[in-house]
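# Observations on chain architecture
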Amino acid sequence: MRRSHVTTVSLLVALAVASCTNAKDVLEPSAITPPAASAQTAAPGSTAATVPATSPVPGATTAGAPATTTTPLTPAQSAAILSKTRLQIAPIVGASVEAATPLTAELQARAKQRGITLAGSQDQTATHVLKGYFSAISEGKDTTVIYVWDVYDPSGNRLHRINGQMKAPSVGKGGGADSWKDVSPATMQAIADQTIDQFAAFLGGKAG
């Protein structure tokens, strides 16, 4: 009777252990990542996925920016990094030709001011490729331009993301379905200036 009781208890213990093992297998993916780590990884994914109308204002950093402290670069170091950069700007997606023209011109001017060399579309020596995606929304007397820039290396690997929005008074030429006619050249030029400045900051931060 005692042996039978011991055997029964052993079987129950074995079943309980097996049950716990199976539960661990099921919960393992979520158990590996602590809640704090999950929160840190969720923000980059959400930022990269969509850019809603309430996306960060211009100047917001991209997803995945490290929180570590780096040694500030000297002006000479920053200048050296920028001088070695050859930036290729891909065709703008989403913006009208009229809106993209002052944007592209200001990108070129601002890059030259910062000491960044622009590479042509067929240039095989580019160190970085900048791809921009734009949309415009007119609301009342104002028009908001929402933009996303992805920075790639020559092999097509995304290195960085810059996103933001610029709200300005409509110039009054559009309305209806074409909000781009409400966007002034000055708005696109301001976006170009901020884009190059943030790109330069990314290069400095990465190097540090």
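What you see is a predicted model; the values in this text were computed from it and never measured. (Residues numbered from 1 in each chain as written. Predicted model: local features only at pLDDT ≥ 70, side-chain atom pairs only at ≥ 80, totals over all residues. Heavy atoms only, no water.)

On to the side chain of Arg161. Topologically, Arg161 is positioned in strand β5 (residues 158-169). At 2.7 Å, the side chain of Arg161 and the side chain of Asp150 are in polar contact. (Helix = DSSP H or I, 4+ residues; strand = E, 2+ residues; numbered from the N terminus. Polar contact = N/O pair within 3.5 Å; in protein donor to acceptor, adjacent residues only side chain to side chain.)

Turning next to the pairing of strand β4 (residues 142-152). With ten of its eleven residues buried, β4 lies for the most part within the structure. Relative to β4, strand β3 (residues 128-139) runs antiparallel, the two sharing eleven bridges. Residue Ala136 lies in a different strand from β4, and its bridge partner there is Val145. Remark: two residues form the turn of the hairpin made by β3 and β4, two consecutive strands paired antiparallel; Gly140 in that turn has positive phi of roughly 65°. Sheet topology note: the β4/β5 ladder contains eleven bridges and is antiparallel. Bridge assignment links Tyr152 to a residue of β5, and that residue is Arg158. The antiparallel pairing of β4 with β5 creates a hairpin that spans five residues between the two strands, and Gly156 there sits at a positive phi of about 95°. (Buried < 20%, exposed > 50% of the residue type's maximum accessible area, 1.4 Å probe, protein only. Pairing = 2+ DSSP bridges.)

Now for the layout of surface pockets. By volume, the second largest pocket amounts to about 170 Å³. Together, twelve residues line the second largest pocket, and Glu98, Ala99, Trp180, Lys181 and Val183 are the ones closest to its centre. Of all the secondary-structure elements, those providing two or more residues to the lining of the second largest pocket are α4 (97-113) and α5 (185-207). Among the elements that line the lining of the second largest pocket, the one with the most residues is α4, at three residues. Residue composition of the lining of the second largest pocket, grouped by class: six nonpolar, two polar and four charged. (1 Å grid on protein atoms, 1.4 Å probe; cavity = no way out; pocket = protein on both sides within 12 Å on 5 of 7 lines; lining within 4 Å. Points joined across faces, edges and corners; volume = space filled by probe spheres on them. Nonpolar A, V, L, I, M, F, W, Y, C, P; charged D, E, K, R; others polar.)

With that settled, the discussion passes to the pattern of salt bridges. Within this structure, the stated rule accounts for six salt bridges. Its salt-bridge partner being Arg158, residue Asp150 comes within 3.8 Å of it at the nearest N-O pair. Measuring nitrogen to oxygen at the nearest pair gives 2.7 Å for the salt bridge that ties Asp150 to Arg161. Of this pair, Asp150 sits in strand β4 while Arg161 sits in strand β5, and the two are eleven residues apart along the sequence. Comparing Asp150 with Arg161 shows no difference in burial state: the two are buried. A single salt-bridge network, built from bridges that share partners, covers Arg110, Arg114, Asp193 and Asp197. (Salt bridge = Lys/Arg side-chain N within 4 Å of Asp/Glu carboxyl O.)

Overall, the prediction assigns the chain a mean pLDDT of 73, with 62% of residues at 70 or greater. Confidence, read as mean pLDDT per element, is least for helix α2 (residues 35-49) in the chain (34) and greatest for β4 (97). In the model, residues 11-69 has pLDDT below 50 throughout and makes 40 contacts with residues more than four positions away in sequence or in other chains. (pLDDT = per-residue confidence, 0-100. Contact = heavy atoms within 4.5 Å.)

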